Amino acid sequence: MRDVLDVEMLRRRYRDDGFCVAPPVVAQDVLDEATVAAEAVAAGESDTGLAPKLRERERGDGPQRLVKIAEPHNCSHVLRRLVAHPGIWRLAAAVTGARALQIWAVDLFIKRPTEEAPVGNIGWHQDGPFAPYWQGDIFTVWLALSAVSADASPLRYVPGSQRLGPLGRVDLFRTDLDPARTGLPLPDGFRWSEVTAEVAAGGLALHQRDTLHASGPNRSAQPRRSLAIRVRTERCVLDGEAAVARREHLRDEALAPVVYGDARLLAR
């Protein structure tokens, strides 16, 4: 039986906790095709003649258990279609109350299975400090290409942490997930609690720009594949020195498609 989609509950959790987890909105055959495409991109292949913008490596010279590739859809027609999937954006708009949505960045994450702790960790962080050129409403839609169970490196969230505001940039590849050693200037009296977000294949985790989150190693038997899709709403403007280059990026309909609503609502 398919999970019942309770949009009002998702809205409430997104508003109060800073995140929510939604049931599958992408069909399995689409996910299967996207999985093949994601692995092709990870292997350095391209069917567009273009390359991804950036590949980041975890620390160390051994086999990479964590693959992180920025703008993977630049070199894959399949991933371009996937990130524009209308079911994702109808739901995202309903949850966030947005009237228009545009993708401004995409990251592909592949976590290979490992029994070594803490290999493959993504440290505690907020997304907002990594995009200071956006003033206003940006958020992340985290799409699970494969089922993310408790042992497959689910996202960990700190409910209510979005109300702390921006805390500054930290090292994404920090392997120590002890909250006392996050490197973040947490205010006195803040009560730290964690929630693990298991996501079904084709399901979504949505989180606000200042919601603290992290993930540990993948201890399952299969790779954990996901896309972190960065989105802006009409309640958002560009600011600062990076604005000129970012505006040029936003004109690229393949890399930064308007996926919901009227593009005229989006300030350029």
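Residues numbered from 1 in each chain as written. Predicted model: local features only at pLDDT ≥ 70, side-chain atom pairs only at ≥ 80, totals over all residues. Heavy atoms only, no water.

1. What about the pairing of strand 4 (residues 100-111)?
Move 1: Taken across its twelve residues, strand 4 has twelve buried, putting it largely inside the fold.
Move 2: Where strand 3 (residues 66-70) lies against strand 4, five bridges are found, and the strand directions are antiparallel. Along strand 4, the bridge assignment pairs V67 with I110.
Move 3: Relative to strand 12 (residues 258-261), strand 4 is paired through three bridges, and the arrangement is antiparallel. (Buried < 20%, exposed > 50% of the residue type's maximum accessible area, 1.4 Å probe, protein only. Helix = DSSP H or I, 4+ residues; strand = E, 2+ residues; numbered from the N terminus. Pairing = 2+ DSSP bridges.)

2. Some thoughts on helix 1 (residues 7-17)
Move 1: Considered for burial, the residues of helix 1 that qualify are M9, L10 and Y14. For helix 1, the arc enclosing every buried residue in end-on projection is 130°, short of the 170-degree limit, so these residues lie on one face.
Move 2: Its buried side turned inward, helix 1 meets strand 1 (19-22), helix 4 (86-96), strand 6 (134-144) and strand 9 (204-208).
Move 3: Positive backbone phi, at 90°, marks G18, one or two positions downstream of helix 1. (Arc of directions from axis to C-beta. Contact = heavy atoms within 4.5 Å.)

3. A word on the nonpolar core
Move 1: Of all hydrophobic cores here, the largest spans 42 residues; its most connected members are W89, L101, V141, L204, L206 and I229.
Move 2: With six residues, the top contributor of residues to this core is helix 4.
Move 3: Setting aside its immediate chain neighbours within four residues, L204 contacts C20, V21, A22, P23, V25, I88, L91, V141, W142, L143 and V199. (Core = buried A, V, L, I, M, F, W, Y, C linked by side-chain atoms within 4.5 Å.)

4. Re the state of the cysteines
Two cysteines form a disulfide when their sulfur atoms are joined by a covalent bond.
Move 1: In the structure shown here, the tally under the stated rule is zero disulfides.
Move 2: Sulfur of C20: no disulfide; nearest cysteine sulfur belongs to C236 and is 19 Å away.
Move 3: C236 sits in the buried class, given a relative accessible area of 1%. (Disulfide = S-S within 2.5 Å.)

5. Considering the environment of G136
Move 1: Tracing the backbone through its elements, the reader meets G136 in strand 6.
Move 2: Residues G136 and V237, spaced 101 residues apart in sequence, show a C-alpha to C-alpha distance of 6.5 Å.
Move 3: Other than its neighbours up to four places away in sequence, G136 contacts R209, R235 and C236.

6. Observations regarding the pattern of salt bridges
Move 1: Applying the stated criterion to the full structure yields 15 salt bridges.
Move 2: For the salt bridge of R235 with D137, the shortest nitrogen-to-oxygen distance reads 2.7 Å. In this pair, R235 sits in strand 11 (residues 224-238) while D137 sits in strand 6, placing the two residues 98 residues apart along the sequence.
Move 3: A residue is classified by how much of its surface remains accessible, and D137, at 18% relative accessible area, is buried.
Move 4: By sharing partners, the salt bridges in this structure join K68, D107, D127 and R230 into a single network. (Salt bridge = Lys/Arg side-chain N within 4 Å of Asp/Glu carboxyl O.)

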